[in-house]
Amino acid sequence: MTKPLSVLKSVGPKLVPFFKTVSIFFVLFGEESHPSIFYCIVKCLPIISLILFVLLHGMSLNEYYRYARHILIGLFFSALGDAFLVYKKQYFELGILMFAIAQIYYSRAFGWRPFNPYAGTVFLVLGCIVYSYIKDGIKDVVLSYIVGLYVALISTMAWRSVARVQFFDDLWTWTKLCGCAGAILFMISDLTIAIDKFVTPVPFSHVIIMSTYYAAQVGISLSVVDSQVDELLKKKV
């Protein structure tokens, strides 16, 4: 099992650009800004730094880097989603679609073993409750379908991340736990967006959305640290 102190010593220096860019974002845009190229760049920089973080842990087309490749693609589409959501009056649907693709790749990275149908049932029920709560506030029919699809995809992603953390079988690692925490934070961030946009204004929504979002992405990115070892163990099994 990878110890958290070992993980911290190994990845800490590589995460410095991420924490610096997040700090710059909140210093400059502690409150949501009007759409601009500068705001778009500063908002995307933390995700770009996580893309570099994943690349620094190695990248190849062989099977041992399957997990890292999928996380990398998920981060890339997340950055595109961030850019589109800066101009959300015009491109909100495109932003959701970019994040939907990101959730697909994150789910593919997490895999389907162990299956854990109990966790799947919990997230299915949660997804249905959330969609039932927000759907009346979605006036556009097409957007309601897009949002429904996105809720299904992010619920699936969270289910697969939780399924990987096998506490009772002592098969969990700190990096898997980071991925699990990241997935749950992602749901919290997107739930805040949905409530704020479709139901009722949420106090300090910008800070809540962006802080949980960046924390989610760094948690998911940290899960690549020992992913090559994981893939090797899977092959042996």
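Structural data are supplied above this passage.
Bear in mind the structure is a predicted one, so any value in this text is a computation, not a measurement. (Residues numbered from 1 in each chain as written. Predicted model: local features only at pLDDT ≥ 70, side-chain atom pairs only at ≥ 80, totals over all residues. Heavy atoms only, no water.)

### Regarding the nonpolar core
As a rule of thumb, nonpolar side chains are buried together in soluble globular proteins. Membership of the largest hydrophobic core comes to 63 residues, with the highest contact counts inside it found for Ile71, Tyr106 and Phe186. Every element with two or more residues in this core is listed here: helix 2 (16-28), helix 3 (37-56), helix 4 (66-86), helix 5 (88-110), helix 6 (117-134), helix 7 (141-163), helix 8 (174-199) and helix 9 (205-222). Considering every element that reaches this core, the biggest residue donor is helix 7, with eleven residues. Apart from the residues lying within four places of it in its own chain, the contact partners of Phe186 are Phe99, Gln103, Tyr106, Tyr150, Ile154, Met157, Tyr213, Ala216, Gln217 and Ile220. (Core = buried A, V, L, I, M, F, W, Y, C linked by side-chain atoms within 4.5 Å. Buried < 20%, exposed > 50% of the residue type's maximum accessible area, 1.4 Å probe, protein only. Helix = DSSP H or I, 4+ residues; strand = E, 2+ residues; numbered from the N terminus. Contact = heavy atoms within 4.5 Å.)

### A look at the packing of helix 4 against helix 9
The N-to-C vectors of helix 4 and helix 9 enclose an angle of 165°; their axes lie 11 Å apart at closest approach. In terms of axis orientation, helix 4 runs roughly antiparallel to helix 9. In the packing of helix 4 onto helix 9, the handedness of the crossing is left-handed. Within the contact between the two elements, helix 4 uses Ile71, Leu75, Ser78 and Asp82 and helix 9 uses Tyr213, Gln217, Ile220 and Ser221. Residue classes in the contact of helix 4 with helix 9 are distributed as four nonpolar, three polar and one charged. (Axes fitted to C-alpha atoms, helices over the stretch in contact; angles between N-to-C directions. Parallel < 35°, antiparallel > 145°, perpendicular 65-115°, else oblique. Left-handed = near helix turned anticlockwise from the far one by under 90°. Nonpolar A, V, L, I, M, F, W, Y, C, P; charged D, E, K, R; others polar.)

### What to know about the environment of His70
One can find His70 in helix 4. Sequence separation between His70 and Pro17 is 53 residues; the distance between their C-alpha atoms is 22 Å. With residues near it in sequence (within four places) discarded, His70 still touches Tyr105, Arg108 and Ala109.

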